[in-house]
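Summary of the model geometry
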Amino acid sequence: MAVRGRQQPHRTGVFPADKPLRATVMLKPGDYVRGLYEELVVDMGISGAEVLREALMELHKRESRRKVRAAAKNAPTDTQELPKAG
């Protein structure tokens, strides 16, 4: 059995643009995230699918910000000073 959360190269990574994509998430009784999921569905008054869509968008935003910070951190710094006027 594969480790949960790890991408399986032979099963993921290719997403045909012309076909719908179905993501299946098994939330078993007693799973911590199941409680979070149920709470969000009830509190937000939206479908479970919409909760997952919003979670994906937020995760994407977070990952995009992380990439920007990493790129800025790894970017070469320009230490050359400009000549002073005057």
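Going by the structure above, here's the rest.
Just so you know, these numbers come straight off a predicted model, no measurement behind them.

Attention now goes to the overall build of the protein. If you tally the helices and strands in the protein, you get 2 helices and 0 strands. When each of the 86 residues of the protein is scored for burial, the buried share is 2%. Accessible surface computed for the protein: about 8,800 Å², of which carbon and sulfur atoms make up 57%.

A word on the pattern of salt bridges. Using the criterion set out here, one finds 4 salt bridges in the structure. Measuring nitrogen to oxygen at the nearest pair gives 2.7 Å for the salt bridge that ties Glu38 to Arg34. Taken together, the residues span about one helical turn, with Glu38 and Arg34 both in helix 1 (residues 32-44) at a distance of 4 residues. Overall, the relative accessible area of 39% leaves Glu38 in the partly exposed class. A salt bridge links Glu63 to Arg66; the nearest nitrogen and oxygen atoms lie 2.6 Å apart.

With that settled, the discussion passes to helix 1. Every α-helix winds through 3.6 residues per turn, so residues three or four apart in the chain are directed the same way. The end-to-end C-alpha distance of helix 1 is 19 Å, a good match for the 18 Å that 13 residues give at a rise of 1.5 Å each. Backbone geometry just downstream of helix 1 places Gly45 in the positive-phi region, at approximately 70 degrees.

So, on to a nonpolar patch on the surface. Together, Tyr32, Val33 and Leu36 give the surface a local cluster of nonpolar side chains, amounting to about 320 Å² of exposed area. Relative to the helices and strands, Leu36 is located in helix 1.

One can describe the packing of helix 1 onto helix 2 (residues 48-74) by two numbers: an axis separation of 9 Å at closest approach and a directional angle of 105 degrees. Looking at the two axes, helix 1 sits roughly perpendicular to helix 2. Packed against helix 1, whose contacting residues are Tyr37, Leu40, Val41 and Met44, the element helix 2 presents Gly48, Ala49, Val51, Leu52 and Glu54 at the interface. Taken together, the residues of the contact of helix 1 with helix 2 sort by class into 7 nonpolar, 1 polar and 1 charged.

We now examine the environment of Leu27. Along the chain, Leu27 falls in the segment before helix 1. With sequence-adjacent residues up to four places away left out, Leu27 is seen in contact with Val33, Arg34 and Tyr37.

Definitions and limits used
Residues numbered from 1 in each chain as written. Predicted model: local features only at pLDDT ≥ 70, side-chain atom pairs only at ≥ 80, totals over all residues. Heavy atoms only, no water. Helix = DSSP H or I, 4+ residues; strand = E, 2+ residues; numbered from the N terminus. Buried < 20%, exposed > 50% of the residue type's maximum accessible area, 1.4 Å probe, protein only. Areas by Shrake-Rupley, 256 points an atom, 1.4 Å probe, with all protein chains shown as cover. Salt bridge = Lys/Arg side-chain N within 4 Å of Asp/Glu carboxyl O. Expected span 1.5 Å × (residues − 1). Patch = residues over 30% accessible without salt bridge, like charges linked within 9 Å, V, L, I, M, F, W, Y side chains within 5 Å. Axes fitted to C-alpha atoms, helices over the stretch in contact; angles between N-to-C directions. Parallel < 35°, antiparallel > 145°, perpendicular 65-115°, else oblique. Contact = heavy atoms within 4.5 Å. Nonpolar A, V, L, I, M, F, W, Y, C, P; charged D, E, K, R; others polar.

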